[in-house]
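# Descriptive structure summary
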Amino acid sequence: MKSCMECTPALRAKFSVFAFFLVLILGGCSDPATLGLELAPENNQIGVFYKEIPLNAQVVLLDSFNTTNAGILIVGDEEDPYFGKTRSTAFTRLYIEQGSERPKSEAILDSVFFNFSTVSVNGTDLDKKKKYAVHLLAKPLEDTLYYNFSKLPYQPNPIAELEIAYKTAKDTLLKARLNPVLASEIFTKLKKGNEFDNLFNFRKYLPGVAIVPRAGDNTTAGFSLGGNTGITFHYHNTGDTTKLTYKITTFSSRSFNGVESDRRGTPTAVVTDYLKSYSTGAIVGMKSGLGLAIRLDTSPLDAFLDTIKGVVFNQVTLQMGPIEDQNDGQKPISGMVMKFIDSKNQVLLSSINQAELHVQGDGQVQVIEDEKGNKVPNNSFLSSALINYETISKLQRAGISSYMNSLYKKELQRKDLLLYAITPNTGDDFKRSLRQFKVNKDKVVMTVIYSKTK
């Protein structure tokens, strides 16, 4: 047999075309311009085709977005030409351990700090100092739900302040010296008063704090609740050099994150009503904390599915991007699920247990049977299809081949989708950050590779 280099030019050309098509299929059909590609036509059995389906994307401001006990105190002030000005203030109760040893009457106070246990930082110019202030609440948190639009009054003068240049350190313990007058007052009551006899007395005395960002810092930090965030008293006893501590923490403390948004003069200024779909021009975006989500109109799938017969979907991908460039210190939303919604942007619930319904991942069961034997959508959150952010390509992408096959077989009824920043592993990012991303609407597509048996 002759080598390829010995072949005629025409034969080499045919071999090159076949090799190109083979690489195209095995590599996931990276060329979106190829439509109706068919392999091995001489066997008259298998055809492989590629299709891109654009999806219309709009933004939706979520209603009653609950941020109570999110586990992270979100403190930040950001400004963006698309989202406008966004500011998050954290409100939390304080906590004392029942039965913990209190300083003796002869104890001498050395120093007092308000500590912040930093777990995340997202922003610009992280080599420049960012400022946080701690204020005592003027009104205590109640045993009720708080939302991202909620807020509580706090005393105007801070009890502690600090400035920090994060640079590359984003998981550090920050320390702000407490106002010395207040520190002395609390320490006196800690030694002798009944304010520390129990948690109820304590919270009447210290109802909680608000942690406030500085305007213009364009950075958001996440501080964890628990033993490392709160007030630490350093002291010693008379005649004894042993260093002792007493902690007022945020462990087991009710908290919430209150978010303020000023979108005047931006494309998102049109977004005024909750749960209403809005077009914001050529760009569409999502922002956690604010509760601004993306709705996808999947109706173009109907026309596509009605025109094909006898096919199997090999690879179906929801793809958004490349997303708009962000500063190096700003991590985009990196994990989302796709919730089924109705025409009013209400999330659809399972008829079995009223759980929210999501698109299920590839290889996962798409439909299950209820107690009457009826086929209904799978209600498992843990097996949801996840939209993941790919750093190098700057794409938000999810595989949904199993979902498309189920639609085609009419096991599922097509519904529009609401993208929401949550994953089983990382939790609800909408409650735990102000992360965001923006993408051109023309770059929101479903790519489909399918086989047809003749």
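Structure first, text after, so check above.
Predicted, not measured: the structure shown is a model, and the values here were computed from it. (Residues numbered from 1 in each chain as written. Predicted model: local features only at pLDDT ≥ 70, side-chain atom pairs only at ≥ 80, totals over all residues. Heavy atoms only, no water.)

## Examining the overall build of the chain
Put simply, the rule is: Note on conventions: DSSP H or I runs of at least 4 residues are helices, E runs of at least 2 residues are strands, and numbering of each starts at the N terminus. Burial classification: accessible surface area is computed with a 1.4 Å probe over protein chains only, and a residue below 20% of its type maximum counts as buried, one above 50% as exposed, and the rest as partly exposed. Residues count as neighbours in contact if any of their non-hydrogen atoms are within 4.5 Å of one another. Where accessible areas are quoted, they stem from the Shrake-Rupley method and a 1.4 Å probe; at the residue level, only the protein chains shown are allowed to cover.
What the chain contains, in helices and strands, is six helices and 27 strands. For the chain, the proportion of its 454 residues judged to be buried stands at 50%. Residue pairs in contact within the chain that sit at least 24 positions apart in sequence constitute 77% of those at least 6 positions apart. For the chain, the accessible area works out to roughly 22,100 Å², and carbon and sulfur atoms hold 51% of it.

## Details of the nonpolar core
Convention followed: Among the buried residues, those of types Ala, Val, Leu, Ile, Met, Phe, Trp, Tyr and Cys that are joined through side-chain atoms within 4.5 Å form a nonpolar core.
One finds Phe313 and Met338 to be the most contacted residues of the largest nonpolar core, which totals 61 residues. Not counting residues within four places of it along the chain, the set of residues in contact with methionine 338 comprises Leu318, Leu357, His358, Val359, Ala385, Ile387, Ala398, Ile400, Leu417, Leu418 and Leu419. Listed in part, the 42 residues of the second largest apolar core include Tyr95, Ile159, Ala176 and Ile248.

## As for helix α2 (residues 180–192)
Where we set the bar: In this scheme, a helix's expected span is set at 1.5 Å multiplied by one less than its residue total. By definition, the arc is the one covered by directions from the helix axis to the C-beta atoms. Pairs of N or O atoms are called polar contacts if they sit within 3.5 Å, as long as, within protein, a hydrogen donor faces a hydrogen acceptor (for residues adjacent in sequence, only side-chain-to-side-chain pairs).
For α2, which comprises 13 residues, the first-to-last C-alpha distance of 18 Å matches the rise-based estimate of 18 Å (1.5 Å per residue) to within 8%. Within α2, the full set of buried residues consists of Leu182, Ala183, Ile186, Phe187 and Leu190. Angularly, the buried residues of α2 cover 130° about the axis, an arc narrow enough to put them on a single face. The exposed residues of α2 that point more than 90 degrees off its buried face are Val181 and Lys192. For α2, the N-terminal capping position is held by asparagine 179, with its side-chain oxygen 3.0 Å away from the main-chain nitrogen of valine 181.

## So, the pairing of strand β16 (residues 292–297)
We apply this condition: Strands pair, by our definition, only if DSSP identifies at least two bridges between them.
For β16, the buried fraction is high: five of the six residues fall into the buried class. Strand direction decides the pairing type here: strand β2 (residues 56–61) and β16, joined by six bridges, are antiparallel. The partner of leucine 61 across the bridge, within β16, is leucine 292. Sheet analysis places β16 next to strand β23 (residues 416–420), joined by three bridges and oriented antiparallel. Bridged to isoleucine 294 within β23 is leucine 419.

## Quick notes on the environment of valine 347
In this structure, valine 347 sits in the loop between β18 (335–341) and β19 (367–369). Sequence separation of valine 347 and leucine 417 is 70 residues, and the distance between their C-alpha atoms is 8.9 Å. Sequence-distant contacts of valine 347, that is, excluding residues within four places in its chain, are made with Lys339, Phe340, Ile341, Glu356 and Leu418.

## Overview of the pattern of salt bridges
Let me state the cut-off plainly: Throughout this description, the term salt bridge denotes a Lys or Arg side-chain nitrogen within 4 Å of a carboxyl oxygen of Asp or Glu.
All chains considered together, the criterion is met by 17 salt bridges. Here glutamate 78 makes a salt bridge to lysine 287, at a shortest N to O gap of 2.7 Å. Of this pair, glutamate 78 sits in strand β3 (residues 72–80) while lysine 287 is found in strand β15 (residues 283–287), placing the two residues 209 residues apart along the sequence. Taken as a pair, glutamate 78 and lysine 287 share a single burial class, namely buried. Residue aspartate 302 pairs with arginine 414 through a salt bridge whose shortest N-O separation is 3.0 Å. Placement of aspartate 302 in helix α4 (residues 300–306) and of arginine 414 in the loop between α5 (401–408) and β23 is noted, with a sequence separation of 112 residues between them. Judged by relative accessible area, which is 33%, aspartate 302 ranks as partly exposed. Residues joined in a network through salt bridges with shared partners are Arg295, Asp302, Arg414 and Asp416.

## Some thoughts on the environment of glutamine 319
Here glutamine 319 shows up in strand β17 (residues 311–320). The exposure class of glutamine 319 is buried, given its relative accessible area of 18%. Between the C-alpha atom of glutamine 319 and that of methionine 446, which follows or precedes it by 127 residues, the distance is 6.1 Å. Setting aside residues no more than four positions away along its own chain, glutamine 319 makes contact with Leu395, Gln396, Arg397, Lys443, Val444 and Val445. Engagement of the side chain of glutamine 319 in a polar contact is seen with the side chain of arginine 397, the distance being 3.1 Å.

## Some details on unusual backbone geometry
Working note: non-glycine residues mostly have negative phi, and peptide bonds are mostly trans. Between glycine 321 and the following residue, proline 322, the backbone shows a cis peptide bond with an omega angle of 10°. Considering the arrangement of structural elements, one finds proline 322 in the loop between β17 and β18. Even without being a glycine, asparagine 218 presents a positive backbone phi close to 50°. Since its relative accessible area comes to 18%, asparagine 218 is described here as buried. One non-glycine residue with positive phi stands out, namely glutamine 354, at about 65°. Positionally, glutamine 354 belongs in the loop between β18 and β19.

## Structural notes on the environment of alanine 165
The residue alanine 165 is located in the loop between β7 (160–164) and β8 (173–177) in this model. C-alpha separation for the pair alanine 165 and aspartate 125, spaced 40 residues apart in sequence, amounts to 8.9 Å.

## Let's talk about the side chain of lysine 441
Put simply, the rule reads: The charged-residue count follows a simple rule in which Lys and Arg add positive charge and Asp and Glu add negative charge, with His and chain termini not counted at all.
Turning to its location among the elements, lysine 441 is positioned in the loop between β26 (436–440) and β27 (444–453). Despite its burial, lysine 441 pairs with no opposite charge; the closest candidate is aspartate 442, at 7.5 Å N-O. Within the structure, lysine 441 has its side chain in polar contact with the side chain of asparagine 56 (distance 3.4 Å). With sequence-adjacent residues up to four places away left out, lysine 441 is seen in contact with Leu55, Asn56, Ala57, Ser279, Gly281, Ala282, Ile283 and Val284.

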